[in-house]
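One letter stands for each residue in the lines below.
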Amino acid sequence: FSIASLLIASAAAFSPAAKTNGFSTALNMAEDAAVEPLRIGTRGSPLAMAQAYETRRRLQEEFPELCEDGAIEICVLKTQGDMILDKSLMELGGKGLFTKELDVALLGDEVDICVHSMKDVPTWLPDGTVLPCNLPREDTNDAFIYKDGSVKTIEELPDNSVIGTASLRRQAQLMAKNPTLKCVNFRGNVQTRLRKLDDGVVDATLLAIAGLKRMDMDGCATSVLEWDEMLPAVAQGAIGIQCRSDDERALKYIDALNHPDTKVCVDCERAFLEALDGNCKTPIAGQARVVDGKIEFRGLIAMPDGSQKFETESSGEIADAKKIGLEAGEKLKAEAGDKFFEMMVEMSPQQVLGQITK
């Protein structure tokens, strides 16, 4: 396959019709002043735009009145995480980097709802906001992409291969399998990362297959890794929709889009993350799924270099999803011990990453 050709097609498909200029840009302006549009806040990356368009499509399928011209307005906002690409997420302060500006716009009545990749959303939400809706979840696994497609699995990677990833979760699991692998900080949107791979900056990279599928770019994947090979991030593959807690109109619209199985799984995973007080300094993975009417959970924490790893599995009733996640997090926290987490706090970004930015 040609990564370059897929990048060109993707850019054409998801480039905003109007330039982002200033705090927010409306892509669909209401032509009729009498129409009060439902304003969707989103980041401007191709993936974020694809998710906003998916939300708009689902709203219009559910509510015919939202098909009218000007009934939905997509507002693009730039976040700190989008603007600073030469530093790791850990150096920038971790979670909230891709949501803070959206929160401000929501609370300031600049937008009515915000569409998020759930793995970017902190476990706490600003007062006055709620996130009651998760759309049906995509495949949660990671895609493995090798420069020429000849290597299909992590185990097949030659010693000293250079892997591009901004994720400590991926780094830790990679290095646990092969300590000779070199991980370099790989920032930017999906298209930017694939372009760097195509240019030979690194030998391989890993991306969420969900994002690739949403942009019709899953043909880039050399293979899709199962949980035993690479346990995904908490809430990976899930889209969440947030609104003001007192906005009955917005709540009516997004409540109708909620997918219950996705919501309980994401709630379980985020409870696990909250129990561990997870941030971008700690490699954490956690996944839940509904199987035969029960919820099954698997979680992992590790040292950034893969030298220590703690894992857990549990299952139970769907109604106990949050409790299952919380108890799994508390179990791993006890097993790892205070020293494990103290080391994380004390480490500098350079010690944790041991890498340069590419």
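As a reminder, the structure under discussion sits directly above these lines.
Fair warning: this is a prediction, and the values are worked out from it, not measured in the lab.

Procedures and definitions
Residues numbered from 1 in each chain as written. Predicted model: local features only at pLDDT ≥ 70, side-chain atom pairs only at ≥ 80, totals over all residues. Heavy atoms only, no water. Core = buried A, V, L, I, M, F, W, Y, C linked by side-chain atoms within 4.5 Å. Buried < 20%, exposed > 50% of the residue type's maximum accessible area, 1.4 Å probe, protein only. Helix = DSSP H or I, 4+ residues; strand = E, 2+ residues; numbered from the N terminus. Contact = heavy atoms within 4.5 Å. Expected span 1.5 Å × (residues − 1). Pairing = 2+ DSSP bridges. Axes fitted to C-alpha atoms, helices over the stretch in contact; angles between N-to-C directions.

## Concerning the nonpolar core
- Within the largest apolar cluster, 28 residues are counted, with the highest numbers of intra-cluster contacts made by Met118, Cys268, Phe272, Ile295, Phe297, Ile301 and Phe340.
- The set of elements that each furnish at least two residues to this core consists of α10 (260–275), β12 (284–291), β13 (294–302) and α11 (321–346).
- Among the elements that make up this core, the one with the highest residue count is α11 (8 residues).
- Those residues in contact with Phe297 that sit more than four places away from it in its chain are Cys268, Glu269, Phe272, Gly286, Gln287, Ala288, Thr312, Glu313, Ser314, Ile324 and Ala328.
- In terms of nonpolar packing, the next biggest core, distinct from the first, is built from 23 residues, Ile72, Val76, Leu251 and Leu257 among them.

## Remarks on α10
- With 16 residues, α10 extends 23 Å from end C-alpha to end C-alpha; this agrees with the ideal 22 Å at 1.5 Å per step.
- Within α10, 13 of the 16 residues are buried, which leaves it mostly tucked inside the rest of the structure.
- A positive phi of about 50 degrees marks Asp277, the residue just after α10.

## Some details on unusual backbone geometry
- One non-glycine residue with positive phi stands out, namely Asn160, at about 70 degrees.
- Within the secondary structure, Asn160 sits in the loop between β6 (142–146) and β7 (162–164).
- Classification of Asn160 by relative accessible area gives partly exposed; the value is 44%.
- A positive phi angle, near 55 degrees, is found at Asp216, a position not held by glycine.
- Take Asp216: it is sitting in the loop between α8 (209–214) and β10 (223–225).

## Examining the environment of Gly329
- Its location among the elements puts Gly329 in helix α11.
- Separated by 18 residues in the primary sequence, Gly329 and Glu311 have C-alpha atoms spaced 9.9 Å apart.
- Sequence-distant contacts of Gly329, that is, excluding residues within four places in its chain, are made with Phe272, Ala275 and Leu276.

## Brief notes about the sheet that holds β10
- Spatially, β8-β7-β9-β6-β10 is the arrangement adopted by the 5 strands of the open sheet, whose pairing is mixed. Taken across any chain shown, the strands that pair with only one partner, and hence form the sheet edges, are β8 (182–184) and β10. The sheet shows a mean angle of 30 degrees between the axes of neighbouring strands, direction not considered.
- Looking at chain direction, β7 and strand β9 (residues 204–208) are connected through 2 bridges and run parallel. Bridge pairing links Gly164 to Thr205 in β9.
- Those strands touched by helix α6 (residues 168–177) are β6, β7, β8 and β9, and its axis lies near 130 degrees from that of β9.
- Along the sheet face, helix α7 (residues 190–198) touches β6 and β9 and points at about 160 degrees away from the line of β9.

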